[in-house]
Amino acid sequence: MTKQTEISPSDRAHEGILSYIDSHGLSAGEPLPSERDLCRMLSVSRTTLRTALARLSASGIVEVRKGAGTFVCPDRPAMHLDDVAGFSEMVRRVSAAPSSRVISCGIEAAEKEVSERLYLPDGEPVFTLARVRLADAMEICLEYSHLRASMVPGIEGIDFSDVSLVEVLERDYGIFIRHTSLKVSVRRADAREGALLGKPEGSLVFYERGVRLNADMKPIEFCRTVYVPDRFKIVCESRL
Amino acid sequence: MSKGLRSTLRAGNADLQHLPLYLRIRQILRERIAEGEYAPGTAIPSEADLSQFFGTTKATVRGAIDGLIDEGLVLRVQGKGTFVARGLNVDGERLHVPRGFRDSQILQKHAPSIRVLETSIRLVGDFYARMFDVSPEGALYHVRRLNCIDGEPFAIESTLIPCEIFPGIEEIDISVFSLYEFYSLRGHTVVRAYEELEVCELKAREAQLLHAQADDPALGIMCVSYDAGGQALECARSLAVGENACYLARQ
């Protein structure tokens, strides 16, 4: 005989808040009932409710504004792992305005991970571009792109704050990305990443490492990106 | 064994000449896969054959293949060899099948094993009533499992299944049938899955199960599986730690 269990208070709170948003058709910016009312409706303690709100806020579902209440968040830009689009495209899909802040842009000697992923001799000069990418002026991710310098002469002179790397590669260098292979894991932001993304050091972030290849399977770009999870979604729709 | 392999390595292209041997071998294998010489589902030559052919050690060949495993191009099946996971289309057309949790994290490396930690029945409730389109007063079957690779735990997976769609599911021996197999036998073959990644922090009891520390970062994956009629069949949440706690995608 299978054990019958009650829905735990924490699940009741979590599911209850999501159901409330859904069944009341609340949209971005609209308020949820007060904490006291939510506790009564869901019959959970204040502590349990706050834990649930913190979890939903970490996932970018709601935003808790001190003194003002809890509000539904706008849709976050999403990366679809089954159909990876450029950053600007992902941001435009949720009707936000994409922009980039260039942190650094120049030539340096390849470190081991970079040379390995791009199949370069150790210490080979690589072009490295570091950008904070934003949606409606909100920091979404910090992205490091590395390309073999000899493949893209003069690229360090380009201003990447308003042009995409893919565009420059296609237009100025005749290089076309045809395949992407990437890996997403979770880690904590270091002090620099936190400062650049407007998050405390030690915050949990998605960490993506990827290689972009041309039609001949030659690796063109190696990128490392740190995403702020409450401002960005990573999803995958698969057909089996 | 292909005739082209060795000559490619020797003649090489200028780009490859400076590279350590294992990276050159990796790139050559990649190209063979891209060109379809090693087709999806078939085995590539054994490590022994490859090392003989390239005139190097098995360790070097293994190093070359490890990178291809990381990229999701091939998978190593213990005692059987290394297989091409899926094809690459050299014309750049999409030929991509995203790698789901089980696929990417378990099948890819070593021997998986699954231990059932707990099974129980709970009320559906409003939230899952909407997800599964069933009555909120019905029951959900809950299975909590620990997934291990080579005996080492790396993920806790918690699955909820509506009893209204699968009456009697609680009587099934899930150590014999996989859940997907069971759904199929009942006429609900999973054809589509929606996954969303989450960042998580381990709670003390999760950390204990996973041989990790409380508050360690973990990768969460929420996955809803659907049949051809669009019916949601199960909602699974997994929590993974360690080097296997990653999600691979290729296109």
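Thresholds, definitions, all that
Residues numbered from 1 in each chain as written. Chains lettered and ligands numbered in written order. Predicted model: local features only at pLDDT ≥ 70, side-chain atom pairs only at ≥ 80, totals over all residues. Heavy atoms only, no water. Helix = DSSP H or I, 4+ residues; strand = E, 2+ residues; numbered from the N terminus. Buried < 20%, exposed > 50% of the residue type's maximum accessible area, 1.4 Å probe, protein only. Pairing = 2+ DSSP bridges. Polar contact = N/O pair within 3.5 Å; in protein donor to acceptor, adjacent residues only side chain to side chain. Salt bridge = Lys/Arg side-chain N within 4 Å of Asp/Glu carboxyl O. Axes fitted to C-alpha atoms, helices over the stretch in contact; angles between N-to-C directions. Parallel < 35°, antiparallel > 145°, perpendicular 65-115°, else oblique. Left-handed = near helix turned anticlockwise from the far one by under 90°. Contact = heavy atoms within 4.5 Å. Buried area = accessible area lost by both parts, 1.4 Å probe. Phe/Tyr/Trp six-rings, centres within 6.5 Å; stacked < 30°, edge-to-face > 60°. Lys NZ or Arg CZ within 6 Å of the ring centre and 35° of its normal.

Caption draft 1: Just unusual backbone geometry, in detail. With a phi close to 50 degrees, Asp136 of chain A is a non-glycine residue in the positive phi region. Here the phi dihedral of His211 of chain B falls at roughly 55 degrees; this positive angle occurs in a residue that is not glycine. On the secondary structure map, His211 of chain B appears in the loop between α9 (204-209) and β7 (217-227).

Caption draft 2: View of the pairing of strand β5 (residues 152-162) of chain B. All names here are of chain B. Burial analysis of β5 places nine of its eleven residues in the buried class, the great majority of the element. Examined bridge by bridge, strand β4 (residues 139-149) and β5 share ten bridges and lie antiparallel to one another. The residue bridging Asn147 from the neighbouring strand is Ala155, located in β5. Where β5 and strand β8 (residues 232-240) come together, six bridges link them in antiparallel fashion. What sits directly across from Ile156, in β8, is Leu239.

Caption draft 3: Quick peek at the side chain of Asn147 of chain B. Structurally, Asn147 of chain B can be placed in strand β4. A polar atom in the side chain of Asn147 of chain B sits 3.1 Å from the side chain of Glu157 of chain B.

Caption draft 4: Representation of the pattern of salt bridges. In total, this model carries 30 salt bridges over all chains according to the counting rule given. For Arg192 of chain B, the salt bridge identified is with Glu237 of chain A, shortest N-O distance 2.6 Å. Placement of Arg192 of chain B in strand β6 (residues 190-201) and of Glu237 of chain A in strand β11 (residues 233-239) is noted, with the two residues assigned to different chains. Judged by relative accessible area, Arg192 of chain B falls into the buried class, the value being 19%. Because the salt bridges share partners, they merge into one network encompassing Glu111, Glu113, Arg209 and Arg224 of chain A.

Caption draft 5: Spatial organisation of the environment of Glu89 of chain A. Residue and element names in this part refer to chain A. For Glu89, the position within the fold is in helix α4 (residues 87-92). For Glu89, a relative accessible area of 37% corresponds to the partly exposed category. Residues Glu89 and Pro77 lie twelve residues apart in sequence; the distance between their C-alpha atoms is 9.1 Å.

Caption draft 6: Region of interest: the packing of helix α1 (residues 9-23) of chain A against helix α3 (residues 46-58) of chain A. Residues and elements named next belong to chain A. Relative orientation of the contacting elements α1 and α3 amounts to 55 degrees, with a least axis distance of 9 Å. When the axes of α1 and α3 are compared, the pair comes out oblique. Crossing angle aside, the handedness with which α1 passes α3 is right-handed. Mapping the contact onto sequence places Pro9, Ser10, Ala13, His14, Ile17 and Leu18 in α1 and Thr48, Leu49, Ala52, Leu53, Arg55 and Leu56 in α3.

Caption draft 7: Geometry of the interface of chain A and chain B. The partner chain B presents 59 residues to the 53 residues of chain A that form the contact. Buried surface at the junction of chain A and chain B, both sides included, amounts to about 5000 Å², of which 53% is carbon and sulfur. Linking chain A to chain B there are 15 residue pairs in polar contact (both at pLDDT 80 or more). Secondary-structure elements contributing two or more residues to the side of chain A that touches chain B are β1 (3-4), α1, α5 (112-118), β8 (179-188), β9 (204-213) and β11 of chain A. Counting residues per element, the side of chain A that touches chain B draws most heavily on β8 of chain A, at ten residues. Inspection of the sheet shows β11 of chain A paired to β6 of chain B by five bridges, in the antiparallel sense. Considered in β6 of chain B, the bridge of Glu237 of chain A is made with Tyr194 of chain B.

Caption draft 8: Quick peek at the packing of aromatic side chains. One pass over the structure, following the stated rule, counts eight aromatic pairs over all chains. Each ring, one from Phe127 of chain B and one from Tyr128 of chain B, has its centre 4.9 Å from the other, and the planes form 80 degrees; the classification is edge-to-face. As far as burial versus exposure is concerned, Phe127 of chain B and Tyr128 of chain B are alike and both buried. Look at Phe166 of chain B and Phe182 of chain B: their rings are 5.7 Å apart centre to centre, the planes differ by 50 degrees, and that puts the pair in the tilted class. Of this pair, Phe166 of chain B sits in the loop between β5 and α8 (179-185) while Phe182 of chain B sits in helix α8; the two residues are 16 residues apart in sequence, bridging distant segments of the chain. Against the face of Tyr207 of chain A rests Arg187 of chain A, its NZ or CZ located 4.1 Å from the ring centre. Note that Arg192 of chain B overlies the ring of Tyr226 of chain B, its terminal NZ or CZ placed 4.2 Å from the centroid.

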